[in-house]
Amino acid sequence: MATITKIRPRALVRACGGPRYAVALAVDALGTGLLRPFLLLYGVLVLGLSAPVTGIAMTAGIVAGLACMPAVGRWLDRGARSTVVAASMLVRVLGVALLLATPAGHAWPFATAALFLGIGNQAWPAAHAAVVATVSHGRERDAALAAGRALRNAGLGLGALIATVSLAGGATALRALAAVTGLAYLAATALAWSVRLHAHPAAAPEGDGDGGPAPRMRTLLAANVVYVFCLNVPEIALPLILVTQLDASPVWSAAVFVTNTVLVVTLQVPVTVLMSRYSRRSVLALAGVILGASYAGFLAATSLGPGPGAPAVAAVSVVCTLGEIVYAGSATALVTHLAPAHALGRTLARFELSTGFGLAVSPAAITALAPHGPTALWGSLATATLLASSAVATAPAARDTSRG
């Protein structure tokens, strides 16, 4: 049984790709936090576009990003690693440059900018996971993936906080934030490029892959689409429920979001290390149980009505965040463990396709279910997530029979 008994910061940095790569991740996350949460506002307030037009352009960017994933997977399988990460950052530099050059009232240049930003945002997770899988093995790799997520959430949260404070400056401030984002992406690109990490396509780390065909993972990919809904619960579902159904102050939504960010930053690595004593598949199934229980908790909390309902929802959100942490610490780790070395890129690309699809459809599903009442929303999410958890637990274990 391979477990991690201690958290060694220096070892985690090395397992994440080294100091320069870690700085690149932090700078990239900070820049992303400055702009991505406010891209819709940029289209509406700076460019004078309507909200529907802006939303359609952003959705098109996400879809285009998903369409590029097979090509990203093949590029990774040819041995590219830090180059793909740098490219995912550089394409976002182009997106920000187009954004800054877009004249007011022009939708197509904004849509093109959103396209480049979407491609970069979708390509980055698979490329990053491939980098970590190349420089670290076994449970050390799981901890490194968790550390990367914690670092990224810290950067995103700090960037969003800076941007929120700056929004008082209106359109001028949004333009300045976009410019700083572009510079951050450019700096991160240079740092990631300087790492110069390349893998030999035929080489397989000991114990990670047997040179066989790429795993189908149909059950895991389908379950992942459902699991991913948890990532949009703090940002979409809870603000919607708190404001429209519980008549709560927007402060409650902000408190839930901040709590979620702080918990992910502080607990992602310790929880992943704690769970290393169990198989990744079992931990992923457990994540579904925790998430399903939290959705049932939200149903009970909303039944309390205005007043006590808001603090009850905020309390249950902590359980939901714990489920998210367990899910995030096991899902990508399981995929990298199942993938043979020669098909790591394609396997990660397929996994990120399922993640991107879940993130794309979850806002529409949540907003469609919410008007039908708490039972329709939380009951449906709880049922679907528990079914996904059961499918993960009972699916053929393939090569994930060990705990290493």
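The model shown is predicted, which means the values in this text are computed figures rather than measured ones.

Helix α15 (residues 344–369) packs onto helix α7 (residues 107–135) with a crossing angle of 140° between their chain directions and a minimal axis gap of 9 Å. By the criterion of interaxial angle, the relationship of α7 to α15 is oblique. Classified by chirality, the crossing of α15 by α7 is right-handed. For the pair α7 and α15, the contacting residues are Gln122, Pro125, Ala126, Ala129, Ala130 and Ala133 in the first and Leu344, Leu348, Ala349, Glu352 and Gly356 in the second. Its residues assigned to classes, the contact of α7 with α15 comprises eight nonpolar, two polar and one charged.

We now examine a nonpolar patch on the surface. Where nonpolar side chains cluster on the molecular surface, the patch consists of Leu30, Leu158, Leu161, Ile162 and Val165 and spans about 440 Å² of accessible area. With four residues, helix α8 (residues 138–166) is the largest single contributor of residues to the nonpolar patch. Looking at the element boundaries, isoleucine 162 is found in helix α8.

Moving on to helix α11 (residues 229–244). At glutamate 235, α11 shows its strongest bend, of approximately 40°, with the proline proline 239 following within four residues. Among the residues making up α11, those that are buried are Phe229, Cys230, Asn232, Val233, Pro234, Ala237, Leu238, Pro239, Ile241 and Leu242. The inward-facing, buried residues of α11 abut α10 (218–227), α12 (250–274), α13 (280–302), α14 (309–338), α15 and α16 (374–394).

All chains considered together, the criterion is met by seven salt bridges. Across the pair arginine 92 and aspartate 28 runs a salt bridge whose closest N-O atoms are separated by 2.8 Å. Of this pair, arginine 92 sits in helix α6 (residues 82–101) while aspartate 28 sits in helix α2 (residues 19–35), and the two are 64 residues apart along the sequence. The residues arginine 92 and aspartate 28 share a single accessibility class, namely buried. Aspartate 142 is the partner of arginine 139 in a salt bridge, and the nearest nitrogen-oxygen pair spans 3.1 Å. One end of the pair, arginine 139, and the other, aspartate 142, are both in helix α8, three residues apart, so they sit about a helical turn from each other. Residue class for aspartate 142 comes out buried when judged on its relative accessible area of 3%.

As a further point, take the nonpolar core. Ranked by internal contacts, the top residues of the largest apolar core, which has 89 residues, are Tyr227, Tyr295, Phe298 and Trp378. Sequence-distant contacts of phenylalanine 298, that is, excluding residues within four places in its chain, are made with Val233, Leu238, Val313, Val316, Ser317, Cys320 and Trp378. Formed by 21 residues, the second largest nonpolar core is a distinct cluster that contains Leu39, Leu47, Ala111 and Leu117.

Another point: unusual backbone geometry. The residue arginine 196 is not glycine, and still its phi comes out positive at about 55°. Tracing the sequence through the fold places arginine 196 in the loop between α9 (170–195) and α10. Phi angles above zero are rare outside glycine, and aspartate 247 is one such case at about 50°. Looking at the secondary structure, you find aspartate 247 in the loop between α11 and α12. Given a relative accessible area of 60%, aspartate 247 falls into the exposed group.

For aspartate 28, a relative accessible area of 0% gives the class buried. In this structure, aspartate 28 is in contact with Met89, Arg92, Trp124, Arg152, Tyr185 and Ala188, ignoring residues within four places of it in sequence.

Moving on, we come to the packing of aromatic side chains. Summed over the entire model, instances satisfying the criterion amount to three aromatic pairs. Taken together, a centroid distance of 5.4 Å and an interplanar angle of 20° make the contact between tyrosine 227 and tyrosine 327 stacked. Of this pair, tyrosine 227 sits in helix α10 while tyrosine 327 sits in helix α14, and the two are 100 residues apart along the sequence. With respect to class, tyrosine 227 is no different from tyrosine 327; both count as buried. Between phenylalanine 298 and tryptophan 378, the aromatic rings sit 4.6 Å apart at their centres with planes inclined by 35°, giving tilted as the arrangement. Within this pair, whereas phenylalanine 298 is found in helix α13, its partner tryptophan 378 is found in helix α16, the two being separated by 80 residues in sequence. Given a relative accessible area of 1%, tryptophan 378 falls into the buried group. Each residue in the set Tyr295, Phe298 and Trp378 is aromatic and connected to the rest through ring pairs, giving one cluster. Positioned over the ring face of tyrosine 185 is arginine 92, at 4.7 Å from the centre of the ring. Its end group placed over the ring of tryptophan 124, arginine 152 keeps NZ or CZ at 4.2 Å from the ring centre.

On to the side chain of threonine 385, then. Note on placement: threonine 385 falls in helix α16. For threonine 385, a relative accessible area of 0% puts it in the buried group. Residues contacting threonine 385, with those up to four places away along its chain left out, are Val226, Gly288, Leu291, Gly292 and Tyr295.

When pLDDT is averaged along the protein chain, the result is 89, and 91% of the positions lie at 70 or above. Across the protein chain, element-level confidence peaks in α13 with a mean pLDDT of 97 and bottoms out in helix α1 (residues 9–15) with 68. Low pLDDT, under 50, characterises residues 203–210; the predicted model gives this stretch 20 contacts beyond four residues in sequence or across chains. Here residues 398–404 scores under 50 on pLDDT; set against residues more than four positions off or in separate chains, the count is 26 contacts.

Further remarks concern the state of the cysteines. Each disulfide is one covalent bond, formed between the sulfur atoms of two cysteines. Using the criterion set out here, one finds zero disulfides in the structure. With no disulfide of its own, cysteine 230 has cysteine 320 as its nearest cysteine by sulfur position, at a separation of 6.1 Å. In this structure cysteine 230 comes out as buried when scored by relative accessible area, which is 0%.

Cut-offs used in this document
- Residues numbered from 1 in each chain as written.
- Predicted model: local features only at pLDDT ≥ 70, side-chain atom pairs only at ≥ 80, totals over all residues.
- Heavy atoms only, no water.
- Axes fitted to C-alpha atoms, helices over the stretch in contact; angles between N-to-C directions.
- Helix = DSSP H or I, 4+ residues; strand = E, 2+ residues; numbered from the N terminus.
- Parallel < 35°, antiparallel > 145°, perpendicular 65-115°, else oblique.
- Left-handed = near helix turned anticlockwise from the far one by under 90°.
- Contact = heavy atoms within 4.5 Å.
- Nonpolar A, V, L, I, M, F, W, Y, C, P; charged D, E, K, R; others polar.
- Patch = residues over 30% accessible without salt bridge, like charges linked within 9 Å, V, L, I, M, F, W, Y side chains within 5 Å.
- Areas by Shrake-Rupley, 256 points an atom, 1.4 Å probe, with all protein chains shown as cover.
- Salt bridge = Lys/Arg side-chain N within 4 Å of Asp/Glu carboxyl O.
- Bend = angle between axes of the 7 residues up to and from the residue.
- Buried < 20%, exposed > 50% of the residue type's maximum accessible area, 1.4 Å probe, protein only.
- Core = buried A, V, L, I, M, F, W, Y, C linked by side-chain atoms within 4.5 Å.
- Phe/Tyr/Trp six-rings, centres within 6.5 Å; stacked < 30°, edge-to-face > 60°.
- Lys NZ or Arg CZ within 6 Å of the ring centre and 35° of its normal.
- pLDDT = per-residue confidence, 0-100.
- Disulfide = S-S within 2.5 Å.

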